[in-house]
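Survey of secondary and tertiary structure
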Amino acid sequence: MEALLINGGKRLEGEVRISGAKNAALPILAATLLADEPVRLRNIPHLNDVTTTIELLGRLGVSVTIDEKMSVEVDSTTITQFEAPYDLVKTMRASILVLGPLLARHGRADVSLPGGCAIGSRPVNLHVEGLRAMGAEVEIDNGYIRARSEQLKGARLVLETVTVTGTENLVMAATLAEGQTVIENAAREPEVVDLIDCLNQMGARIAGAGTDTLVIEGVERLHGTDYRVLPDRIEAGTYLVAGAITGGIVRVKDVRPEHLESILAKLREAGATVNIGDDWVEVDMRDRALKAVGLRTAPYPAFPTDMQAQFSALNAVAEGTGTITETIFENRFMHVLEMQRMGADFQLEVHTAISQGVKKLTGAPVMATDLRASASLVLAGLVAEGETRVQRIYHIDRGYERIEEKLRLIGADIRRINDSQ
Ligand code: UD1
């Protein structure tokens, strides 16, 4: 198994190019199943979750071609299977995103239930209830969601909880339903908006993107298109925290600064100077004292749960008391326990991690059980004294493109090793 070996203490300085957003690429790849012509996608990040999605499309019989620039062409007219099997869904919950498109376009979908997850129970009941309200017959059988429908019908759906992939699944299903669908309490994340922009470019009629009410007028067919996926705001935020935590100056480019607002507000609160351009953001922490922040995760536009672990690392070494409250997922503080092994001082309550900043962390072998937690351990390793070995980095490779190369370019001492432990 591979690990990342980090020698901490280097101040990071320089520029990082941000990749396409994982959480937009995955639903948009699923959306290609709705089209009756090839769809070309650009700025698809080179990530394990993308590879898993492409493998899933391949198992369905869909033709996928990738050129050297990671431009992906998907032709779903060759489809022969309608099942997302357990071995793929268990490695990536987002496989659930094929449920809505398969059902809407082909009248059937068998998708394995994702099961438990390292960051809480993560149910999919709202996906299922929404499809039922649109007239589908959905059964849970032998660990599979088995959905059938001759023709989905528009409906008024009020989501009990804001769910990102739930909203995406239901929007995709509604594009080919008969009549109008209204989704209330819809997710407003930029990745949901990106999916909707792509669907509209394919001929869908969806209004209200970026608000909590989506109105979808069903159409008979969706056609091919050429679409560029938006930049990854979580990857960008992670490199900005890397700059701040090491007392450096880091610029992320090819980003949409407006999507980073809640993250930038917390970096300012931590004492950083933030400079913003058209498609770049720079965090300058040189000769400034890092201060602990208080934050609470919530759906967009509030602070993203996917940046919570990275700010836990920041609070671990910042001056004063920090408070981080997680409201989206239960059990998302595993990284805090690992950071304690590096000398961090956290007190854990049910949904809150309270930190007293320490002057230094010390390197240690650590491992994480999810993607963003792994990234936070890399950040902690960048400031720790001595060597940190981050194990189980297949989690990081699910969501960060060449993280060690990008960090090395801005001055980190980090390398990937083969680790037999
Ligand atoms: C997506 C993101 C993930 C991010 C999360 C929250 C993708 C591929 N993943 O995950 O990176 O951390 O949004 O921003 O885009 N819920 C239910 N019933 C459901 C669905 C969800 O109760 O049917 C609850 C969940 O338990 C959770 C909350 O809703 O408490 C939000 O989860 P959700 O937005 O669905 O997360 P994902 O879409 O899985």
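Coordinates for the structure precede this section.
Here goes a summary of the coordinates provided. Note that this is a predicted model, so its numbers are computed, not measured.

1. Points about the overall build of the protein chain
When its secondary structure is counted, the protein chain shows 14 helices and 24 strands. Taken over the C-alpha trace, the protein chain has a radius of gyration of 21 Å; the compact-globule value for 421 residues is 22 Å, and the two agree within 12%. Taking the principal axes of the C-alpha coordinates as reference, the protein chain spans close to 65 × 45 × 40 Å. Taking contacts inside the protein chain between residues at least 6 apart in sequence as the whole, the part at least 24 apart equals 73%. Of the roughly 16,300 Å² of accessible surface on the protein chain, a fraction of 45% belongs to carbon and sulfur atoms. In the protein chain, 45 positive and 58 negative side-chain charges are present, and the distance between their average locations comes to 3 Å.

2. Structural notes on the packing of helix α5 (residues 125–133) against helix α6 (residues 164–175)
Helix-helix packing is characterised by the crossing angle of the two axes and by the distance between the axes. Where α5 contacts α6, the axes come no closer than 9 Å and their chain directions differ by 20 degrees. Between α5 and α6, the angle is such that the two are roughly parallel. Classified by chirality, the crossing of α6 by α5 is right-handed. Between α5 and α6, the contacting residues are Leu-126, His-127, Gly-130 and Leu-131 on the first element and Thr-165, Gly-166, Asn-169, Leu-170 and Ala-173 on the second. Split into classes, the residues belonging to the contact of α5 with α6 amount to four nonpolar, five polar and no charged.

3. A closer look at the pairing of strand β19 (residues 321–325)
Bridge analysis of strand β18 (residues 294–296) against β19 gives three bridges, and the strand direction is parallel. Bridge assignment links Gly-294 to a residue of β19, and that residue is Thr-323. For β19 and strand β21 (residues 352–356), the ladder comprises five bridges, and the chain directions are antiparallel. When the bridges of β21 are listed, Ile-324 appears paired with Ala-353.

4. A word on the pattern of salt bridges
Under the criterion given, the structure shown has 32 salt bridges. Lys-266 is the salt-bridge partner of Glu-269, the closest N and O atoms lying 2.7 Å from each other. Remark: Lys-266 and Glu-269 occur in helix α9 (residues 261–269); sequence separation between them is three residues, near one turn of the helix. With its nearest N and O atoms 2.7 Å apart, the salt bridge here joins Arg-416 to Glu-404. Of the two residues, Arg-416 is situated in strand β24 (residues 413–418) and Glu-404 in helix α14 (residues 403–409); the sequence distance between them amounts to twelve residues. Taken together, the salt bridges that share partners define one network made up of Arg-108, Asp-110, Asp-141, Arg-146 and Arg-148.

5. A short note on the sheet that holds strand β5 (residues 72–75)
Overall, mixed pairing links the four strands, which are arranged β4-β5-β3-β14 in an open sheet. Where the open sheet ends on each side, the last strands, each with one partner, are β4 (63–66) and β14 (226–228). Sheet twist, expressed as the mean angle between neighbouring strand axes with direction ignored, is 20 degrees. Of the strand pairs in this sheet, strand β3 (residues 39–42) and β5 are connected by three bridges, and their pairing is antiparallel. Within the sheet, the bridge partner assigned to Val-39 lies in β5 and is Val-74.

6. Comments concerning the sheet that holds strand β17 (residues 280–284)
Across the sheet, which stays open at both edges, the four strands sit in the order β2-β15-β17-β16 with mixed pairing between neighbours. Strands with a single pairing partner mark the edges of an open sheet, and in this sheet they are β2 (13–17) and β16 (273–276). Within the sheet, the average angular offset between the axes of one strand and its neighbour, ignoring direction, is 15 degrees. Seen against the sheet, helix α8 (residues 233–245) touches β2, β15 (249–253) and β17 and runs at an angle of roughly 165 degrees to β15. Helix-sheet contacts for α9 involve β16 and β17, and the interaxial angle to β16 is about 145 degrees.

7. What about the site of the ligand?
Lining the immediate environment of the ligand, one finds 19 residues, of which Leu-126, Thr-163, Thr-165, Asp-306 and Ile-328 sit closest. Between Val-164 and the ligand, the recorded distance is 2.7 Å, taken from a backbone N or O atom to an oxygen atom. For the ligand, an oxygen atom lies 2.6 Å from a polar atom in the backbone of Ile-328. Relative to its free-state accessible area of 740 Å², the ligand is covered by the protein chains to the extent of 86%. Counting only elements with at least two residues in the shell around the ligand, the list comes to α5 and α6. Counting residues per element, the shell around the ligand draws most heavily on α5, which supplies three residues. Considering only residue class, the shell around the ligand consists of eight nonpolar, seven polar and four charged.

About the criteria used
Residues numbered from 1 in each chain as written. Predicted model: local features only at pLDDT ≥ 70, side-chain atom pairs only at ≥ 80, totals over all residues. Heavy atoms only, no water. Helix = DSSP H or I, 4+ residues; strand = E, 2+ residues; numbered from the N terminus. Rg over C-alpha atoms; globule rule 2.2 N^0.38 Å. Contact = heavy atoms within 4.5 Å. Areas by Shrake-Rupley, 256 points an atom, 1.4 Å probe, with all protein chains shown as cover. Lys, Arg positive; Asp, Glu negative; His and termini not counted. Charge placed at Lys NZ, Arg CZ, Asp CG, Glu CD. Axes fitted to C-alpha atoms, helices over the stretch in contact; angles between N-to-C directions. Parallel < 35°, antiparallel > 145°, perpendicular 65-115°, else oblique. Left-handed = near helix turned anticlockwise from the far one by under 90°. Nonpolar A, V, L, I, M, F, W, Y, C, P; charged D, E, K, R; others polar. Pairing = 2+ DSSP bridges. Salt bridge = Lys/Arg side-chain N within 4 Å of Asp/Glu carboxyl O. Near = heavy atom within 4 Å. Polar contact = N/O pair within 3.5 Å; in protein donor to acceptor, adjacent residues only side chain to side chain.

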